[in-house]
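# Structure assessment
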4 protein chains.
Amino acid sequence: TFFHSSSAMANSKWDYVKKFELDDTLLPNCFAIARIDGRGFHRLAKKHNWTRPNDLRALKLMNKAAKCVMEDFDDAVLGYGQSDEYSFLFRREAEVFQRRSAKIITNLVSKFSSAFVYYWPTYFPDVKLQYPPSFDGRIVLYPTDRNLRDYLCWRQADCHINNLYNTTFWALVQQGGMNNNDAQQRLSGTLSGDKHEILFSQFGINYNNEPEIYRKGTVMVKKARPPKISRKAYIKLKQERENSGEDEEDVIMEMYCDIIGDKFWVDYPHLLGNSN
Amino acid sequence: TFFHSSSAMANSKWDYVKKFELDDTLLPNCFAIARIDGRGFHRLAKKHNWTRPNDLRALKLMNKAAKCVMEDFDDAVLGYGQSDEYSFLFRREAEVFQRRSAKIITNLVSKFSSAFVYYWPTYFPDVKLQYPPSFDGRIVLYPTDRNLRDYLCWRQADCHINNLYNTTFWALVQQGGMNNNDAQQRLSGTLSGDKHEILFSQFGINYNNEPEIYRKGTVMVKKARPPKISRKAYIKLKQERENSGEDEEDVIMEMYCDIIGDKFWVDYPHLLGNSN
Amino acid sequence: TFFHSSSAMANSKWDYVKKFELDDTLLPNCFAIARIDGRGFHRLAKKHNWTRPNDLRALKLMNKAAKCVMEDFDDAVLGYGQSDEYSFLFRREAEVFQRRSAKIITNLVSKFSSAFVYYWPTYFPDVKLQYPPSFDGRIVLYPTDRNLRDYLCWRQADCHINNLYNTTFWALVQQGGMNNNDAQQRLSGTLSGDKHEILFSQFGINYNNEPEIYRKGTVMVKKARPPKISRKAYIKLKQERENSGEDEEDVIMEMYCDIIGDKFWVDYPHLLGNSN
Amino acid sequence: TFFHSSSAMANSKWDYVKKFELDDTLLPNCFAIARIDGRGFHRLAKKHNWTRPNDLRALKLMNKAAKCVMEDFDDAVLGYGQSDEYSFLFRREAEVFQRRSAKIITNLVSKFSSAFVYYWPTYFPDVKLQYPPSFDGRIVLYPTDRNLRDYLCWRQADCHINNLYNTTFWALVQQGGMNNNDAQQRLSGTLSGDKHEILFSQFGINYNNEPEIYRKGTVMVKKARPPKISRKAYIKLKQERENSGEDEEDVIMEMYCDIIGDKFWVDYPHLLGNSN
């Protein structure tokens, strides 16, 4: 109940059932990745005529929902999104919800879902949302910097592979006049270089000039908190900025950059922290 | 990615990170309760001027979101909601998402949250939702019929205790002109009978005539599937009914009844099934 | 340390590492089966010239170790052993070690292993134990009476199937002069009836007259505690019995009976208790 | 069964119960500490008249049991023992028993317990073991080198603190003629330096000259496997050494050294490996 909580005078006969709720605390000092995946987004895309291979409005809406999550969860310092998925990095020392796994992931997926619907009209002003979409979520722990970075490499490589495929596939269909089956056949067994070649020679598309948000996905970085400022002072500072109309952008940066190489991690060392 | 999945040709260097995702399968043959709780609903209520002690629109919106969940999850046969919380019962034999705990609860809380925002305008036509609200979720297992029923008793008793308190408190404030502190003081140490008496003698309110949805909460029962019909046939039947404009009410029933006593469980024996 | 514990004055710098130990409490009100399996017992049997298909000394030693476990764990009310494995039943309401899974199973497997070595000379007076043998252990939860009984059915059926096979196999080898390969070939594809027939017609053995401890395994039942006696009084009673030289047999009964049918469970209703 | 396994022809009716056994795989790439603690060793010490504050025979027996464990578990590269406890370090990349937690810890505690009883007569030739002792066990994961080292610091500091206390306490009792209560009173509130002073001025004992095995505990280090040798070749090599009568000591080294400072870890870098 959220209005008033009567003192715990009663319920003593049945409240033994609370004991059936078991502990699911995450191992301390590991990175935690919270990942969200759209459920049935193939259907969602179709129902709302999303453009293919990428719908910029949908990607921007995903990014907006991700930003809501990162504003809500102080310990989420990095977000990486592509297609219908989003990964959030919680630092080793995160103590959010006492590291209770289900508590963290359900709050996070709830906020994301809620924000996705809430901001839909902002990004699809002319398209009515047909039904409430949903996402699933999971938390995975990574003990080392290398494991954590490899997770993100894996997702960004996945983005690259799929986007190159999809870009070529839809060029064959939309501009090349092929049907889906023929296009699929055409691409079967092709390597990365072959797809670049098809795009360039057949459609004049230089894949490397495609928008980075498609090729790399979106990287959200929460700026390092100034070291000598307490959390309380930091929150006050944040609120002043918000009230003064300063863009929140200066707290969470949205980028479409490479996170596989070392440069990104050298630029933002606070994301990994030290591994003690 | 939801448009096209290129064959798993690549990613071999990094996809070892998938192994860090650990199994969280629920123990077979237990009842599973998935419970959702509003996060920060005190603030949500205030921001949107919900009526007190109960806001019927908010309760109806919760019920609508719950119905969406139950339509989405075939194995959720019972829902119980009160205030800003909702519990869903999955039967012993439920195999939804291969009983993977995080998968079930995240999909469920996501659908609930998404539906809550989606249907807000239906229940609050004149009140703009100020921000995306969120919920947390958890799954708890109960091995016996008795444990399961006691869980629901616990929640319904909680509804009763809180609603009696809140009804009396707000009568003292709204009709009796007390401030919050004085009302709280007045109720401190009172028993159930005392509150009934205050309501009746001071405000002419017979608590037992208060709406059942406030006093008992909402019970959603999914009708038993006709025994000799396959799931496929059943889904077809359901769709025909939907297409013919028949109300979905004849599949999921919304009630405000007692679930502590035996009568409810005698009336709907399929909810517990047999305990083999 | 077991001699003296200095007050926890120090260690404050490093004892944060205790937090990495995670909770593994067993779900309340489920039956817990703790099962122990010999590791590398094929080799152990060979090294110590155990008779085949069954070595009565080894079985009796297993039973003795099991009895030690059951005397040590008040909540272990039933044991079932066959070959190199032993299962122990903890009742729904067992609170041993606050139901911490690793704590229970490690103590149990430790006591079993320790007793196995300790009592070896009693059962193998003329055979020196060549090396310290070991066992593994696991805990599995069962929510219903039926599931629990089916677990025990599964183990006893396993005993039956293996013993019939082994009895026939070793008759062919030891009395029929076959080598192992030929005996295996001979039995390949045979049904239960075929093996009975081989034993009877070829070797004059009526399988049903084989010792029950081989055919059924060993069932250890802890007698129901007299209902109106407190644990303290019960332990005192037990100690008096022990001191008076009364056989402990009157507390834990060793039997070689069927536990698949209903009779056993009707005779010892306290093993299942009631399922509330 | 360990003699013969009949093909899985039967049991189909009941073997669904196997599904109730849930997965407990350890998170990959973390250090795992398996720790064993004596249960009721206060009583064991008393019953067998162990000398106080330390019984060298008991410590040597613990070390022997630990060595058995380390010979049995290839992945256990380090052991640390003091008093009635022993910790074993499994490296990040250990794949023993597919990292199944209960499987690892039960096998380990079983082997330790079994060896403790088996080798008792070697270390206590004149003292008959009165009953089978037991141990409990647990596995704790540590994600970083620092966490892992801090765990071992914690245990070695515990050894130091307890041994200094016990040495002083028993000097007061055994040589100073105090009773236990008075000795405890005398030490209450004393700091480390005070105890050194009591030992030196009252009993002429320089604590730093006490045997290192008491002050530091025992460190067992498994030598690094020669880098270019396969496991198979390594095991063969080990067996040749064993057969040729070479002491196993040259594979597992027993030391009583400091493991808190850096030197130990610089000397044996293979224990931590690299943290990728």
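Treat the numbers as computed from the prediction; the structure is a model and nothing was measured. (Residues numbered from 1 in each chain as written. Chains lettered and ligands numbered in written order. Predicted model: local features only at pLDDT ≥ 70, side-chain atom pairs only at ≥ 80, totals over all residues. Heavy atoms only, no water.)

### Observations concerning the relation of the copies chain C and chain D
Stated precisely, the cut-off is as follows: Superposition of the copies used a least-squares fit over C-alpha atoms from residues whose pLDDT is at least 70 in both. Working rule for contacts: check all heavy atoms of both residues, and any pair within 4.5 Å makes them a contact.
You can overlay chain C on chain D at an RMSD of 0.1 Å; the transform is a turn of 180° with a shift of 0.0 Å along its axis. What the rotation and shift describe, once combined, is the action of a two-fold rotation axis. When the interface residues of chain C are mapped onto chain D, 100% of them again fall at the interface, so both copies present the same face.

### Here we look at the interface of chain C and chain D
Stated formally: Two parts placed together each lose some accessible area; with a 1.4 Å probe, that loss summed over both constitutes the buried area. The term salt bridge refers to a side-chain nitrogen of Lys or Arg lying within 4 Å of a carboxyl oxygen of Asp or Glu. Each helix corresponds to a stretch of at least 4 residues labelled H or I by DSSP, and each strand to a stretch of at least 2 residues labelled E; elements are numbered beginning at the N terminus.
Listed per partner, the contact involves 75 residues of chain C and 75 residues of chain D. Between chain C and chain D, roughly 6700 Å² of surface is buried when both sides are summed, and carbon and sulfur atoms account for 59% of that area. Put simply, chain C and chain D have 6 salt bridges between them. Between Arg-39 of chain D and Asp-72 of chain C there is a salt bridge whose closest N-O contact spans 2.9 Å. By residue number, the principal contributor to the side of chain C that touches chain D is helix 5 (residues 145-175) of chain C, which donates 14 residues.

### Comments concerning the state of the cysteines
Put simply, the test is: For this text, the term disulfide refers to a pair of cysteine sulfurs within 2.5 Å.
Scanning the model with the defined rule gives 0 disulfides over all chains in all. Here Cys-30 of chain B is not disulfide-linked; the sulfur of Cys-30 of chain C is the nearest cysteine sulfur, at 4.6 Å.

### Quick notes on the sheet that holds strand 5 (residues 218-222) of chain A
All names here are of chain A. Put simply, the rule is: A pair of strands is treated as paired once DSSP finds two or more bridges between them. Axis geometry follows a simple rule: fit a line to the C-alpha atoms, using only the stretch in contact for helices, then measure angles between N-to-C directions, giving values from 0 to 180 degrees.
Taken in spatial order, the 6 strands of this open sheet run 4-1-3-2-5-6, and their pairing is antiparallel. Edge positions in the open sheet fall to strand 4 (134-142) and strand 6 (252-255), since each of these has one partner strand only. Averaged over all adjacent pairs, the angle separating strand axes in this sheet is 15°, with direction ignored. One ladder, built from 9 bridges, connects strand 1 (residues 31-39) with strand 4; its direction is antiparallel. Each residue of the ladder has a partner; that of Arg-35, found in strand 4, is Arg-138.

### A short note on the interface of chain B and chain A
The line we're drawing: In the scheme used here, Gly and all other residues not listed as nonpolar or charged are polar, with Ala, Val, Leu, Ile, Met, Phe, Trp, Tyr, Cys and Pro taken as nonpolar and Asp, Glu, Lys and Arg as charged.
Facing 75 residues of chain B, the contacting portion of chain A comprises 75 residues. For the pair chain B and chain A, the summed buried surface comes to about 6600 Å²; carbon and sulfur atoms form 59% of the total. Remark: the boundary between chain B and chain A carries 6 salt bridges. At the level of secondary structure, the elements contributing two or more residues to the side of chain B that touches chain A comprise helix 1 (41-47), helix 3 (101-123), strand 4 (134-142) and helix 4 (145-175) of chain B. Split into classes, the residues belonging to the side of chain B that touches chain A amount to 39 nonpolar, 20 polar and 16 charged.

### Remarks on the relation of the copies chain B and chain A
If you rotate chain B by 180° and push it 0.0 Å along the axis, it lands on chain A with an RMSD of 0.1 Å. Most of the interface of chain B is mirrored in chain A, where 100% of its interface residues are also at the interface.

### Let's talk about the nonpolar core
How we decide: To qualify as a nonpolar core, a set must consist of buried Ala, Val, Leu, Ile, Met, Phe, Trp, Tyr and Cys residues joined through side-chain atoms within 4.5 Å. The cut-offs for exposure are 20% and 50% of the maximum accessible area for each residue type, with area from a 1.4 Å probe on protein chains only; residues under the lower value are buried, those over the upper are exposed, and the others partly exposed.
With 296 residues, the main nonpolar core has Phe-88, Phe-90 and Phe-264 of chain A, Phe-90 of chain B, Phe-88 and Phe-90 of chain C together with Phe-90 of chain D as its most contacted residues. Leaving out residues up to four positions away in the same chain, Phe-90 of chain C has contacts with Phe-31, Ala-32, Ala-34, Phe-73, Asp-75, Ala-76, Val-96, Ile-104 and Leu-108 of chain C.

### What about the packing of aromatic side chains?
Rule in force here: Centres within 6.5 Å make a pair out of two Phe, Tyr or Trp rings, where for Trp the six-membered ring is used; the pair is then stacked when the planes are under 30 degrees apart, edge-to-face when over 60, and tilted otherwise.
Evaluated as defined, the whole model comprises 92 aromatic pairs over all chains. When the centroid spacing of 4.9 Å and the interplanar angle of 85° are considered together, the rings of Tyr-118 of chain D and Tyr-119 of chain D count as edge-to-face. A relative accessible area of 15% means that Tyr-118 of chain D is categorised as buried. Ring-pair connections join several aromatic residues into one group, and the members of that group are Phe-41, Trp-50, Tyr-86, Phe-88, Phe-112, Phe-116, Trp-120, Phe-124 and Phe-135 of chain A.

### Brief notes about the confidence of the model for chain A
Worth spelling out the cut-off: Across the chain, each position has a pLDDT score giving the predictor's confidence in that residue, from 0 to 100.
With 91% of its residues at a pLDDT of 70 or more, chain A has an overall mean of 92. With pLDDT under 50 throughout, residues 5-9 of chain A is counted as low confidence; its partners more than four residues away or in other chains account for 7 contacts.

### Section: the side chain of Lys-222 of chain C
All names here are of chain C. Note the threshold: We score Asp and Glu as negative and Lys and Arg as positive, and we do not count His or the chain ends. For the purposes of these results, a polar contact is taken to be a pair of N or O atoms within 3.5 Å, where, inside protein, one atom must be able to donate a hydrogen and its partner to accept one; residues adjacent in sequence count only when each atom of the pair is a side-chain atom.
In this structure, Lys-222 sits in strand 5 (residues 218-222). Asp-74 is the oppositely charged side chain nearest to the buried, salt-bridge-free Lys-222, at an N-O distance of 4.7 Å. Polar contacts involving the side chain of Lys-222 include one to the main-chain carbonyl oxygen of Phe-73, which spans 2.9 Å. In contact with Lys-222, not counting residues within four places along its chain, are Met-70, Phe-73, Asp-74, Ala-76, Val-77, Val-251, Ile-252 and His-270.

### Describing the sheet that holds strand 3 (residues 85-90) of chain C
Taken together, the 6 strands give an open sheet; going across it, the order is 4-1-3-2-5-6 (chain C), and neighbouring strands pair in antiparallel fashion. Looking at which strands have only one partner, the edges of the open sheet turn out to be strand 4 (134-142) and strand 6 (252-255) of chain C. Each adjacent strand pair in this sheet contributes to an overall mean axis angle of 15°, direction not counted. Where helix 3 (residues 101-118) of chain D meets the sheet, its contacts fall on strand 1 (31-39) and strand 4 of chain C, and the angle it forms with strand 4 of chain C comes to roughly 140°.

### A few points about helix 3 (residues 101-123) of chain A
As a reminder, the rule being used: Multiply 1.5 Å by the residue count of a helix minus one, and that product is the helix's expected span.
Its 23 residues place the ends of helix 3 of chain A 32 Å apart at the C-alpha level, agreeing with the 33 Å of an ideal helix rising 1.5 Å per residue. Burial analysis of helix 3 of chain A places 20 of its 23 residues in the buried class, which makes it a mostly covered element.

### Comments concerning the pattern of salt bridges
In this structure the tally under the stated criterion is 68 salt bridges over all chains. Notably, a salt bridge pairs Arg-57 of chain C with Asp-55 of chain C, separated by 2.6 Å at the nearest N-O pair. Here Arg-57 of chain C falls in the partly exposed class, since its relative accessible area comes to 29%. Since its relative accessible area comes to 4%, Asp-55 of chain C is described here as buried. With a shortest N-O distance of 3.5 Å, Arg-138 of chain D and Asp-136 of chain D are connected by a salt bridge. Through salt bridges with shared partners, a single network forms among Glu-21 and Lys-103 of chain A together with Arg-35, Asp-37, Asp-136 and Arg-138 of chain B.

### Concerning helix 7 (residues 192-203) of chain C
All names here are of chain C. Counted only if it meets this: As used here, the arc is the angular range of directions from the helix axis to the C-beta atoms.
Along its 12 residues, helix 7 runs 16 Å from first to last C-alpha, staying within 8% of the 16 Å computed at 1.5 Å per residue. Of the residues making up helix 7, those classed as buried are Lys-195, Ile-198, Leu-199 and Phe-203. Axial view of helix 7: buried residues confined to an arc of 95°, hence all on one face. In helix 7, the exposed residues that point more than 90 degrees away from the buried face are Phe-200 and Ser-201. Elements that come into contact with the buried residues of helix 7 comprise helix 5 and helix 6 (180-187).

### Points about the environment of Asp-126 of chain C
Relative to the elements of secondary structure, Asp-126 of chain C occurs in the loop between helix 4 (120-123) and strand 4. As a C-alpha pair, Asp-126 of chain C and Val-221 of chain C span 95 residues in sequence and 31 Å in three-dimensional space.

### Regarding the pairing of strand 2 (residues 76-82) of chain A
Residue and element names in this part refer to chain A. Most of strand 2 sits out of view: 7 of its 7 residues are buried. Where strand 2 meets strand 3 (residues 85-90), 6 bridges bridge the pair, whose relative direction is antiparallel. Residue pairing for strand 3: Gly-81 is matched across the bridge by Tyr-86. In sequence, strand 2 turns back onto strand 3 through a hairpin of 2 residues, with Ser-83 there showing a positive phi of about 50°. Note: strand 2 against strand 5, 4 bridges, orientation antiparallel. Considered in strand 5, the bridge of Gly-81 is made with Thr-218.

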